[in-house]
Amino acid sequence: MLINSMPMRYKAVFLNLMLLCTGCVVSSGPDNLPTPARATDLSSFSGCYLNRSSADSAAQTHFLNTIWLGQMLDHAAIDAVRVEALPGNKLMVSAFTDHEVVQRHTCVAGEDFEFQSGQIVLPAKLIGSGARELGNVFIGAIRSATRLGIDEQRQGYVQETTALAGTAFLVIPVAGMVNETTRFEMSPRSV
């Protein structure tokens, strides 16, 4: 192999160049990113939001799929999501289809989420990849973090940050981060 025939100092330069040239950072979202409102408490999030992301979001996503990931729900059939602040740092989240409650869940600060800097921070997810699946060439770790907030117009938004580090094909170092912001508008009707 070519690298084995190189002098040691060239090997170090070659490996450092490989490390510098790998990885990426991607940021996507609406053209006009939200200006976060400084939510002072959980009651700032009370309201009724559309379940589908707004037209200016990068990809069509569903609000409930962000907070109830993995639940057996037909997210596309859900029209609106009502968030109500309850005493004791709790939020009642209700999913509606045609003005009927499909599912209701109470989320507790400190257990289901954290309230930090005016945003709701969901627990981070850490996934390990061992390239066991057919076609998967990545070995490493993937960390995903989600923050929910409201902007100055009281529209909701979700910021998701995914970072990964590892190797591809066992020898190519890979590191990167993707930031994505999705908007969820207030529902024009009250459910």
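See the structure above.
Residues numbered from 1 in each chain as written. Predicted model: local features only at pLDDT ≥ 70, side-chain atom pairs only at ≥ 80, totals over all residues. Heavy atoms only, no water.

> Hey, could you run me through the sheet that holds strand E4 (residues 90-97) in this one?
Neighbouring strands of a sheet are bound in pairs by backbone hydrogen bonds; such pairs are parallel or else antiparallel. Read across the open sheet, the 4 strands follow the order E2-E3-E4-E5; overall the sheet is antiparallel. Both outer strands of the open sheet, strand E2 (47-50) and strand E5 (100-108), are each paired with one neighbouring strand and no more. Here the strands of the sheet are splayed against their neighbours by 20 degrees on average, with no regard to which way each runs. Sheet topology note: the strand E3 (residues 80-86)/E4 ladder contains 7 bridges and is antiparallel. Across the sheet, residue Glu-84 finds its bridge partner in E4, namely Met-92. (Pairing = 2+ DSSP bridges. Helix = DSSP H or I, 4+ residues; strand = E, 2+ residues; numbered from the N terminus. Axes fitted to C-alpha atoms, helices over the stretch in contact; angles between N-to-C directions.)

> Just to check I follow, could you spell out the nonpolar core for this structure?
One broad trend across soluble globular proteins is that nonpolar side chains are buried collectively. Judged by nonpolar contacts, the single largest core of 21 residues is most densely connected at Phe-45, Phe-113 and Ile-120. When contributions to this core are tallied by element, the ones reaching two or more residues are helix H2 (63-67), E3, E4, strand E7 (119-130) and strand E8 (138-150). Considering every element that reaches this core, the biggest residue donor is E4, with 3 residues. Contact partners of Ile-120, with chain neighbours within four places excluded, come to Leu-42, Phe-45, Leu-91, Phe-113, Glu-114, Phe-115, Thr-146, Arg-147 and Leu-148. (Core = buried A, V, L, I, M, F, W, Y, C linked by side-chain atoms within 4.5 Å. Buried < 20%, exposed > 50% of the residue type's maximum accessible area, 1.4 Å probe, protein only. Contact = heavy atoms within 4.5 Å.)

> Would you mind showing me how to read the pattern of salt bridges here?
Proximity of charged atoms lets side chains of opposite charge pair with each other. Per the counting criterion, the structure on display carries 2 salt bridges. Arg-82 is paired through a salt bridge with Glu-84; the nearest N and O atoms lie 3.5 Å apart. With relative accessibility at 30%, the residue Glu-84 sits in the partly exposed group. For Arg-183, the salt bridge is made with Asp-151, and the minimal N-O distance between the two is 3.2 Å. (Salt bridge = Lys/Arg side-chain N within 4 Å of Asp/Glu carboxyl O.)

> I tried to follow the side chain of Gln-119 on my own but got confused; where do I start?
When you line up the elements, Gln-119 lands in strand E7. Excluding residues that lie within four positions of it along the chain, Gln-119 makes contacts with Phe-45, Glu-114, Arg-147, Leu-148, Gly-149, Tyr-157 and Gln-159.

> Sorry, what's going on with the environment of Ile-120 here?
Structurally, Ile-120 can be placed in strand E7. Taking relative accessible area as the criterion, Ile-120 reaches 8% and is therefore assigned buried. Measuring from C-alpha to C-alpha, the distance between Ile-120 and Ala-39 comes to 9.7 Å, with 81 residues separating the pair along the chain.

> Looking at this structure, I do not really get unusual backbone geometry. What am I missing?
Negative phi is the rule for most residues except glycine; trans is the rule for most peptide bonds. The backbone phi angle of Asn-89 is positive, close to 55 degrees, even though this residue is not glycine. Mapped onto the elements, Asn-89 comes out in the loop between E3 and E4. We note that Leu-170 has phi near 70 degrees; this positive angle belongs to a residue other than glycine. Its place among the elements puts Leu-170 in the loop between strand E9 (156-168) and strand E10 (172-184). The exposed category is assigned to Leu-170, whose relative accessible area is 63%.

> Would you mind showing me how to read the packing of aromatic side chains here?
Working definition: an aromatic ring pair is given by the centre-to-centre distance plus the angle between the planes. For the structure shown, the criterion picks out 3 aromatic pairs. When the centroid spacing of 6.0 Å and the interplanar angle of 40 degrees are considered together, the rings of Tyr-49 and Phe-63 count as tilted. Taken together, the residues Tyr-49 in strand E2 and Phe-63 in helix H2 connect sequence positions 14 residues apart. Relative to Phe-184, the ring of Phe-63 has its centre 5.2 Å away and its plane inclined at 55 degrees; by these criteria the two rings are tilted. Placement of Phe-63 in helix H2 and of Phe-184 in strand E10 is noted, with a sequence separation of 121 residues between them. We note that Phe-63, like Phe-184, is buried. Through a chain of ring-to-ring contacts, three or more aromatic side chains come together here, namely Tyr-49, Phe-63 and Phe-184. (Phe/Tyr/Trp six-rings, centres within 6.5 Å; stacked < 30°, edge-to-face > 60°.)

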